[in-house]
Amino acid sequence: LAKTTQPISMDSYEGQEVNITCSHNNIATNDYITWYQQFPSQGPRFIIQGYKTKVTNEVASLFIPADRKSSTLSLPRVSLSDTAVYYCLVGDDNTGFQKLVFGTGTRLLVSP
Amino acid sequence: GAGVSQSPSNKVTEKGKDVELRCDPISGHTALYWYRQRLGQGLEFLIYFQGNSAPDKSGLPSDRFSAERTGESVSTLTIQRTQQEDSAVYLCASSSVRRGMTYSEKLFFGSGTQLSVL
């Protein structure tokens, strides 16, 4: 079972870059790494997904080293609205199907 | 609808009663997941459906919990003889599974059902 470890919480200020690192030492060859964002009273929302190296979209960047045992979500110039819980997921191949297991999540608080 | 729909959005029940929670996934999505989220906690996996079958029921916390899915669409999570510890938000997600040598899956979540057991 691929398990992830993230910091419980992080604090930042508006306009700063935030990097959240997730450890996944037992990641399997075919697993992808996916990050979700969750606001209060809402279900999680997909942010970004990657397999190796670097992926960038309009919201964030995802950095994955060659050994893939960790990944870093980078949020450029955060705003107050980025205050949320961020989850790192790694696919778990079991009997031919994937079961995505959420980690503890990182609670990001952005202050003025 | 365009997204995952869950009903009811809120449910208050008395201890010992049975409850049914419903999830309407995005049309065409073959995979469906149920998660539980207690206040201030992360997501706890309950059960996963591929089509109408559930290859993984390992997350169901007790035999009071059951789930079914019909027509590769709607799913119902049933909790029998509810206990106060069952109070939580129950989240449903669906995805369009793409199998192959490399695999990626994106989950689309509903807004959840807030269950309160008095």
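You'll find the structure just up there.
Being a predicted model, the structure only gives us computed values, none of them experimental.

Q: Run through the side chain of A:Thr72, naming residues and quoting values.
A: Position of A:Thr72 among the secondary structure elements: in strand 7 (residues 70–75). Polar side-chain contacts of A:Thr72 include one of 3.1 Å to the side chain of A:Thr21.

Q: So what's going on with the pattern of salt bridges? Which residues, and what values?
A: Residue and element names in this part refer to chain B. Following the criterion strictly, the structure yields four salt bridges over all chains and no others. Residue Asp24 is joined to Arg22 by a salt bridge in which the shortest nitrogen-to-oxygen separation is 2.8 Å. For Asp24, a relative accessible area of 22% puts it in the partly exposed group. For Arg22, a relative accessible area of 38% puts it in the partly exposed group. A salt bridge links Arg64 to Asp86; the nearest nitrogen and oxygen atoms lie 2.8 Å apart. Residue Arg64 is located in the loop between strand 6 (53–56) and strand 7 (65–69), and its partner Asp86 is located in the loop between strand 8 (75–79) and strand 9 (88–95); the two are separated by 22 residues in the primary sequence. Both residues of the pair, Arg64 and Asp86, count as buried. One continuous salt-bridge network, built from bridges that share partners, spans Arg36, Arg38 and Glu44.

Q: Talk me through the state of the cysteines; I want residue IDs and the actual numbers.
A: Inspection of the entire model under this criterion finds two disulfides over all chains. The disulfide bridge from A:Cys22 ends at A:Cys88, spanning 2.2 Å between sulfur atoms. Residues A:Cys22 and A:Cys88 share a disulfide whose torsion about the S-S bond is about -80°; that sign makes it left-handed. With A:Cys22 in strand 2 (residues 18–23) and A:Cys88 in strand 8 (residues 84–90), this residue pair connects regions lying 66 residues apart in the sequence. As far as the burial class goes, A:Cys22 and A:Cys88 line up, both buried. Note that B:Cys23 is cross-linked by a disulfide to B:Cys92, the S-S spacing being 1.9 Å. Because the sign of the S-S torsion sets the handedness, a value of about -65° for the bond joining B:Cys23 and B:Cys92 places this disulfide among the left-handed ones. Of this pair, B:Cys23 sits in strand 3 (residues 19–24) while B:Cys92 sits in strand 9, and the two are 69 residues apart along the sequence. Here B:Cys23 and B:Cys92 have matching classes, each one buried.

Reading the values: rules and limits
- Residues numbered from 1 in each chain as written.
- Chains lettered and ligands numbered in written order.
- Predicted model: local features only at pLDDT ≥ 70, side-chain atom pairs only at ≥ 80, totals over all residues.
- Heavy atoms only, no water.
- Helix = DSSP H or I, 4+ residues; strand = E, 2+ residues; numbered from the N terminus.
- Polar contact = N/O pair within 3.5 Å; in protein donor to acceptor, adjacent residues only side chain to side chain.
- Salt bridge = Lys/Arg side-chain N within 4 Å of Asp/Glu carboxyl O.
- Buried < 20%, exposed > 50% of the residue type's maximum accessible area, 1.4 Å probe, protein only.
- Disulfide = S-S within 2.5 Å.

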